[in-house]
Structures are given as C-alpha cells and as structure tokens.
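Each chain, written out:
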Amino acid sequence: MPKASKQKPPELNIFPGNWTIKNEQMFKAFDLSFAQHWNPANFPWEELDGKNFDPKERIAQAYWMSKLALFEKSGIGAFGFGAVRAAELNLEDPTKKMLASITYDECRHDEVCRRACNKLCPNWPYGYKPQSDFEQKALRNIEALYEEGRRYWKGFKGAWEYLTPELLFAGFFFAEIGAVVATMALLRAMAQEFSEEQKLTVTRQMKQGFIFLSPLLYQHRPEFWRLPSDFDKVDQEVEEIARNAGLGVLTMEEKVRYWKQAIEKKRGEIEEMGIKVPAIPELGVEGVEVQVKKNETIATSF
Ligand SMILES: [Fe+2]
C-alpha cells in the first residue's frame with residue numbers, strides 16, 4: 001500500500017486483485033455480515049397506514065425519514081467510492097469486500113426510508129407538491145439539506161486529491177454503529193503507521209463527523225451547513241410532531257446523551273491507538289480543541 005503523498009501516485013486499477021487476508025478482525029466482520037443480512041421487504045409495511053395520521057403527522061414522519069436518508073445516501077456514495085478505491089489500490093481482500101458490504105447496508109437503510117416515505121406521503125420529497133405553509137417549510141428544509149449534500153460530496157471526492165488514502169479510510173471509522181466492528185478494524189489497521197500529525201487529522205475528521213451529522217443528531221452546525229435562518233425552528237417543530245405521532249424521534253436531551261455515550265464507549269479503544277478524541281462541548285465531550293473552519297471540506301464518510 002502507498003505510504004505517503006510524497007511517493008509517486010500508484011496506478012489505479014482493480015486488477016489483478018488479490019485474495020489476501022491480513023486483517024483477521026476485518027475478515028471476521030465481513031464473514032459475520034453474511035449472517036446479519038436483514039430484509040427490509042419483510043417489515044410489516046401493511047401496518048403502516050397513512051390514514052392513521054393527520055396530514056401534519058404524515059409529513060413530519062416523512063420529513064424525518066428523508067432527513068435520515070440524506071446520511072444513508074452519503075454512506076452509499078462514500079463507502080461505494082471507498083470500495084472501488086480500495087480495489088484500485090489493491091488493499092487486502094476483506095477490506096474491499098467489507099466496504100462493499102457496508103455500501104449494501106446503507107442501501108438497505110435508504111430503502112427503509114424510501115418505503116416509509118412512500119407509504120406516508122407518496123413522492124416525498126423529490127416530487128412532492130406542498131399543500132400548506134407547514135408542508136412548504138418542511139420541504140424547503142429537506143431541499144436545503146440535499147443541496148448542501150452536493151457540497152459534501154464535492155468535498156469528499158476532492159479530498160482524495162490531497163489526503164492519503166490511509167487517512168481517508170481511517171475517516172470511515174466514524175460511521176454508524178452497525179458497521180462499527182469493521183470500521184474500527186479499518187482504523188486500527190491504518191493507524192499503526194500514522195505519524196502524530198496524521199493522528200491529529202483523524203481527530204479533526206471526528207470533529208468534522210459531528211459537524212456533518214449535526215442536522216440529524218444535534219442541531220445544524222454552521223461550520224459546514226449553510227441553511228435557512230429558520231431551519232432549526234422548523235426542524236424542531238416538525239420533529240416534535242413526528243415524535244408525538246409515534247416515530248421514535250429522540251428529544252434534544254436524548255440526542256446529546258446518546259451521542260456522548262457512543263463516543264465515550266469508543267474513547268478507550270481510540271486513545272489506545274494514540275488518537276485523541278476532539279472536544280465537542282455541545283455534547284459535553286472532553287478532548288483536544290479542534291477549530292473546524294467555515295466551509296472546510298468534510299473528508300469523513302457516513
Ligand atoms: Fe445507515
């Protein structure tokens with residue numbers, strides 16, 4: 001594998017390929033993924049009936065599912081891209097396959113969002129015509145988020161030009177809990193060779209992860225997101241309706257608590273690799289001060 005950006009860039013080609021297993025933990029994660037496949041088509045979709053909700057409740061739930069779907073889509077794109085790049089760089093076999101498996105998992109998550117929206121509010125959000133001011137505001141929020149998604153993707157693709165693949169793959173580890181075994185194995189494999197400076201970049205990527213996910217798991221952070229001035233107000237109002245309609249949307253206190261818990265759970269393992277956790281005062285997470293500049297490229301994936 002290429003060591004640093006100073007070296008001549010490797011020829012990017014998926015062939016001849018390899019069946020090499022270096023990272024046993026990665027192989028185990030991939031091996032387990034076969035048994036863990038679940039089927040979103042088997043959900044009792046007939047029990048989800050739009051008629052059981054009033055129009056605001058339908059929209060509010062579709063709103064939340066489409067907000068979640070933005071991050072599922074970013075996962076499909078980033079892990080899919082990562083799988084191809086890993087193959088082009090001739091990384092060991094289970095790493096390539098695990099990235100493909102996570103891509104597939106993200107497709108499944110996105111498919112759940114699509115089906116839920118289709119039941120509650122057909123054509124939401126891409127082809128939906130708002131019927132009221134409330135609906136118009138909710139749709140505007142989603143459209144604004146998805147427009148910003150373009151900026152994320154442009155930055156993510158561009159980052160491969162100036163960050164080493166190791167650092168970018170290490171950034172993948174901040175992905176969701178479902179993929180945690182594999183992504184931690186990936187980080188562990190990459191981090192062994194990292195200099196102190198590269199380790200600090202991973203810390204920065206963790207902070208970027210918080211900022212990128214903030215519209216879903218906290219409230220949007222302006223370091224990256226450029227959203228309408230009343231975005232959060234509308235967002236909170238719509239989420240509350242979704243929560244009251246029975247969709248398990250977390251309250252702000254719960255979001256903060258669970259996110260902090262998720263980070264603290266990994267802290268020991270991360271620090272053991274010599275990587276420091278960034279301070280995230282919004283969540284009460286202590287760590288290294290990281291200033292993420294406005295419009296800084298988000299080089300992590302989800
Ligand atoms: Fe996901």
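Criteria and cut-off values
Think of each chain on its own: its residues are numbered from 1, step by step along the sequence as written. The model is predicted, so local features are restricted to residues of pLDDT at least 70 and side-chain atom pairs to those at 80 or more, both for listing and for counting; the totals for chains, interfaces and linings are taken over all residues. Excluding hydrogens and water, the side-chain values take into account all heavy atoms of the structure. We count a salt bridge whenever a side-chain nitrogen from Lys or Arg sits within 4 Å of a carboxyl oxygen from Asp or Glu. By the criteria applied, helices consist of DSSP H or I runs no shorter than four residues and strands consist of E runs no shorter than two, each listed in order from the N terminus. Buried residues are those whose accessible area, probed at 1.4 Å on protein chains only, stays under 20% of the maximum for their type, while exposed residues exceed 50% and partly exposed ones sit between those limits. In a helix, the anticipated span is given by 1.5 Å times the number of residues less one. One axis is fitted to the seven residues ending at the residue and one to the seven starting there. The bend at that residue is the angle between these axes. Note on contacts: a residue pair qualifies if any of its non-hydrogen atoms lie within 4.5 Å across the two residues. Under this definition, polar contacts are N or O atom pairs within 3.5 Å; protein pairs additionally need one hydrogen-donor-capable and one acceptor-capable atom, and for neighbouring residues in sequence, both atoms have to be side-chain atoms. Cavities and pockets were defined on a 1 Å grid built over protein atoms only: a cavity is a set of grid points that admits a 1.4 Å probe from which the probe cannot escape, a pocket is an open set flanked by protein on both sides within 12 Å along at least five of seven lines, and lining residues are those with an atom within 4 Å of any such point. Grid points are joined across faces, edges and corners, and a volume is the space filled by probe spheres set on the points. Throughout this entry, Asp, Glu, Lys and Arg are counted as charged residues, while Ala, Val, Leu, Ile, Met, Phe, Trp, Tyr, Cys and Pro are counted as nonpolar. The remaining residues, Gly among them, count as polar. Per-residue confidence from the prediction method is given by pLDDT, with values spanning 0 to 100.

Participant: Please give an account of the pattern of salt bridges that cites residues and values.
Facilitator: Evaluation of the coordinates by the stated rule reveals 20 salt bridges. Its salt-bridge partner being Asp110, residue Lys73 comes within 3.0 Å of it at the nearest N-O pair. Placement of Lys73 in helix α2 (residues 55-88) and of Asp110 in helix α3 (residues 93-120) is noted, with a sequence separation of 37 residues between them. Here Glu88 makes a salt bridge to Arg85, at a shortest N to O gap of 2.8 Å. Remark: Arg85 and Glu88 occur in helix α2; sequence separation between them is three residues, near one turn of the helix. Residue Glu88 is classed as buried on the basis of its relative accessible area of 19%. Members of the salt-bridge network, linked through shared partners, are Lys67, Asp235, Glu239 and Lys255.

Participant: Quick rundown of helix α7 (residues 196-217)? Include the residues and the values.
Facilitator: For α7, built from 22 residues, the straight-helix expectation of 32 Å at 1.5 Å per residue is met to within 8% by its first-to-last C-alpha distance of 30 Å. Most pronounced at Ile211, the bend in α7 amounts to some 30°, and the proline Pro215 follows within four residues. Where burial is concerned, most of α7 is hidden: 16 out of the 22 residues are buried.

Participant: Describe the side chain of Asp93, naming the residues involved and giving the relevant values.
Facilitator: Turning to its location among the elements, Asp93 is positioned in helix α3. Relative accessible area serves as the criterion here: at 11%, Asp93 is assigned to the buried category. In this view, Asp93 contacts Asn18, Trp19 and Thr20; residues no more than four positions away in its chain are not counted.

Participant: Would you mind going over α2 in detail, with residue names and values included?
Facilitator: The terminal C-alpha atoms of α2 lie 49 Å apart, and with 34 residues this matches the ideal 50 Å at 1.5 Å per residue to within 8%. The buried count for α2 comes to 26 of 34 residues, which makes it a mostly enclosed element. Of the residues flanking the start of α2, the one acting as N-cap is Asp54, its side-chain oxygen 3.0 Å from the backbone nitrogen of Lys56. Asn90 sits one or two positions beyond α2 and adopts a positive phi of about 60°.

Participant: Can you tell me about empty space enclosed by the protein, naming the residues and giving the values?
Facilitator: Enumeration over the complete set of coordinates arrives at one cavity of 30 Å³ or more. Approximately 40 Å³ is the volume attributed to the largest cavity. Forming the walls of the largest cavity are Met26, Thr95, Met98, Leu99, Ile102, Ala182, Thr183 and Leu186. For the lining of the largest cavity, the element with the most residues is α3, which contributes four residues. Of the residues contributing to the lining of the largest cavity, the split by class is six nonpolar, two polar and no charged.

Participant: Account for the confidence of the model for the protein, with residues named and values stated.
Facilitator: A low pLDDT score tells you not to read the predicted coordinates there in detail. Summing up the model confidence of the protein, the mean pLDDT is 92 and the portion of residues at 70 or higher is 95%. Across the protein, helix α8 (residues 231-244) holds the top mean pLDDT of 98, while helix α6 (residues 180-191) sits lowest at 84.

Participant: Account for unusual backbone geometry, with residues named and values stated.
Facilitator: Between Phe15 and the following residue, Pro16, the backbone shows a cis peptide bond with an omega angle of 10°. Mapping Pro16 onto the fold places it in the segment before α1 (24-35). Backbone geometry at Asn90 places phi at a positive 60°, although glycine is not the residue there. Mapped onto the elements, Asn90 comes out in the loop between α2 and α3. The exposure class assigned to Asn90 is partly exposed, which follows from its relative accessible area of 40%. The phi dihedral of Asn123 is positive, around 75°, even though this residue is not glycine. Here Asn123 lies in the loop between α3 and α4 (133-162). The class of Asn123 is exposed, set by a relative accessible area of 54%.

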